[in-house]
Amino acid sequence: APESNIAAMLKWMKTYKGRIITSMAHEDYPALEEFPLASALNEFPTAYFNNTAAYAVAYAILVGAKKVSLFGIDFTYPNSHDAEKGRACVEFWLGIATQRNIELSMPNCTSLLDAMYQKSERFYGYDCVEMDIQRDKYGIRIDFKDRETLPTAEEVEAKYDHSRHPNALVEAA
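Parameters and conventions
Residues numbered from 1 in each chain as written. Predicted model: local features only at pLDDT ≥ 70, side-chain atom pairs only at ≥ 80, totals over all residues. Heavy atoms only, no water. Core = buried A, V, L, I, M, F, W, Y, C linked by side-chain atoms within 4.5 Å. Buried < 20%, exposed > 50% of the residue type's maximum accessible area, 1.4 Å probe, protein only. Helix = DSSP H or I, 4+ residues; strand = E, 2+ residues; numbered from the N terminus. Contact = heavy atoms within 4.5 Å. Polar contact = N/O pair within 3.5 Å; in protein donor to acceptor, adjacent residues only side chain to side chain. Expected span 1.5 Å × (residues − 1). Pairing = 2+ DSSP bridges.

Chemist: Explain the nonpolar core to me, please; I cannot follow it from the model alone.
Modeler: For soluble globular proteins, nonpolar side chains are generally found buried alongside one another. Grouped together as the largest cluster of nonpolar side chains are 25 residues, with contacts concentrated most on Ile61, Leu70, Val90, Trp93 and Leu112. Taken together, the elements giving at least two residues each to this core come down to helix H3 (52-62) and helix H4 (85-99).

Okay, here's the thing in structure tokens:
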């Protein structure tokens, strides 16, 4: 299909002067560099790469990035966001990045790592207390304070309603 997006991308790739990390290099596309799959599997003995973003995060870890910024990588859709396997894979690699002290940056409206929620709302089972999470030179300290008003059963159930997108900004669009 010569007028397709793929045809336009292939034409662009033939002349692109930068680097394009991909699964297999090809002589007609000089910018293509193969993802170092063997190195990745030696470093991280987990064969879990089901989308491009996961490869990108793993690559950043391999090359020693200090910070990973993610935009447009949400993987959340109404009625299926818990089942979207791409999100789980990217979050897996973000967990490894975090363990390697790589700073993560993403919009606060993304569902990745539940970034769209207040930090205190990211902890399952703590609906009845307010959490004050502090980091100091000794590590993390958490102070709990009983909530003056407990959430209703409906409010708790609404948190786990997967029939709509969890981000109201996306739902309204």
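Chemist: Could you clarify how one ought to interpret H3 in this entry?
Modeler: Of all the residues in H3, the buried ones are Ala53, Ala54, Val57, Ala58, Tyr59, Ala60 and Ile61. Elements that come into contact with the buried residues of H3 comprise strand E1 (20-22), strand E3 (67-69) and H4. Sitting at the head of H3, Asn51 places a side-chain oxygen 3.0 Å from the backbone nitrogen of Ala53. Where H3 terminates, the next one or two residues include Gly64, which has phi positive at roughly 85°.

Chemist: Can you walk me through H4 in this structure?
Modeler: Because each turn of an α-helix spans 3.6 residues, side chains separated by three or four positions end up pointing in the same direction. Helix length check: H4, at 15 residues, gives a terminal C-alpha distance of 21 Å against a target of 21 Å (1.5 Å per residue), a fit within 8%. Those residues of H4 that fall on the buried side of the exposure criterion are Gly86, Arg87, Cys89, Val90, Trp93, Leu94, Ile96 and Ala97. Looking one or two residues past H4, Asn101 carries a phi angle of roughly 60°, positive in sign.

Chemist: Mind showing me how you'd approach the environment of Asp28 here?
Modeler: Mapped onto the elements of the fold, Asp28 is located in the loop between E1 and strand E2 (32-34). Residues Asp28 and Ser111, spaced 83 residues apart in sequence, show a C-alpha to C-alpha distance of 38 Å.

Chemist: How should I be thinking about the pairing of strand E5 (residues 129-136) in this particular structure?
Modeler: Working note: regular strand, side chains alternate between the two faces of the sheet. Alignment of E5 against strand E6 (residues 139-146), held across eight bridges, turns out to be antiparallel. What sits directly across from Arg135, in E6, is Ile140. Where E5 hands over to E6, the hairpin turn is made up of two residues, counted between the paired strands.

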